[in-house]
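One-letter residues, chain by chain:
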Amino acid sequence: VKEITRDIKQLDHAKRHLTTSITTLNHLHMLAGGVDSLEAMTRRRQYGEVANLLQGVMNVLEHFHKYMGIPQIRQLSERDQEDPAMFYEMHVWLLIF
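Please read all numbers here as calculations on a predicted model, not as lab measurements.

*Asks:* Before we move on, could you go through the overall build of the chain and cite the residues and values that matter?
*Replies:* Assigned secondary structure in the chain consists of four helices and zero strands. Each helix and strand of the chain, placed in order from N terminus to C terminus, yields the pattern α-α-α-α. For the chain, with 97 residues in total, the buried portion stands at 21%. Long-range pairs, those at least 24 residues apart, make up 63% of the contacts in the chain between residues at least 6 apart in sequence. As displayed, the chain offers around 7,400 Å² of accessible surface, 60% of which is attributable to carbon and sulfur atoms.

What follows is the structure, encoded as structure tokens:
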């Protein structure tokens, strides 16, 4: 019985880690796609759509605070600083409307 419960426990841990990994990869996919979409919409000055998507991207980004030590994750969170003038213009527009 001990051996069976030990095996079940190992499988349970493996399932938990696999589920966490899949969820994290899904969030990463949503984050990368969202950031790309935000950049494209900002270049086209579609600030109304940006406002809707920005909140979703910020929500997904919250899942990655513990991963900010990973350069690729940090880079995704900082991509808005690549063109500060455009980012500032978007923020001003969002504040007005």
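Next comes the rest of the description.
*Asks:* Can you tell me about the nonpolar core, naming the residues and giving the values?
*Replies:* It is characteristic of soluble globular proteins that their nonpolar side chains tend to be buried jointly. L31, V35, L38, M41, V50, L54, V57, V60, L61, F64, I73 and L76 together form the largest nonpolar core, which totals twelve residues. Put simply, the parts of the chain that give this core at least two residues each are α1 (2–43), α2 (47–62) and α3 (71–78). At five residues, the largest contribution of residues to this core is made by α2.

*Asks:* Explain the environment of T24 to me, and be specific about the residues and the numbers.
*Replies:* Relative to the elements of secondary structure, T24 occurs in helix α1. Linking T24 and V60, residues 36 residues apart in sequence, is a C-alpha distance of 9.9 Å. Apart from residues lying up to four places away in sequence, T24 is in contact with F64 and Y67.

*Asks:* Could you give an account of the pattern of salt bridges, with specific residues and numbers?
*Replies:* One pass over the structure, following the stated rule, counts one salt bridge. Residue R16 pairs with D12 through a salt bridge whose shortest N-O separation is 3.0 Å. With R16 and D12 both in helix α1 and four residues apart, this pair spans about one turn of that helix. Residue classification places D12 among the partly exposed residues on the basis of a relative accessible area of 39%.

*Asks:* I'd like a description of the confidence of the model for the chain, backed by residues and values.
*Replies:* Averaged over all residues, the pLDDT of the chain is 80; the fraction at 70 or higher stands at 80%. Mean pLDDT per element in the chain: helix α4 (residues 84–96) is the minimum at 53, and α1 is the maximum at 90.

*Asks:* So what about α2? Which residues, and what values?
*Replies:* Between its first and last C-alpha, α2 extends 22 Å over 16 residues, near the 22 Å set by a 1.5 Å rise per residue. Three or more residues of α2 are buried, namely Y47, V50, L54, V57, V60 and L61.

Conventions used here
- Residues numbered from 1 in each chain as written.
- Predicted model: local features only at pLDDT ≥ 70, side-chain atom pairs only at ≥ 80, totals over all residues.
- Heavy atoms only, no water.
- Helix = DSSP H or I, 4+ residues; strand = E, 2+ residues; numbered from the N terminus.
- Buried < 20%, exposed > 50% of the residue type's maximum accessible area, 1.4 Å probe, protein only.
- Contact = heavy atoms within 4.5 Å.
- Areas by Shrake-Rupley, 256 points an atom, 1.4 Å probe, with all protein chains shown as cover.
- Core = buried A, V, L, I, M, F, W, Y, C linked by side-chain atoms within 4.5 Å.
- Salt bridge = Lys/Arg side-chain N within 4 Å of Asp/Glu carboxyl O.
- pLDDT = per-residue confidence, 0-100.
- Expected span 1.5 Å × (residues − 1).

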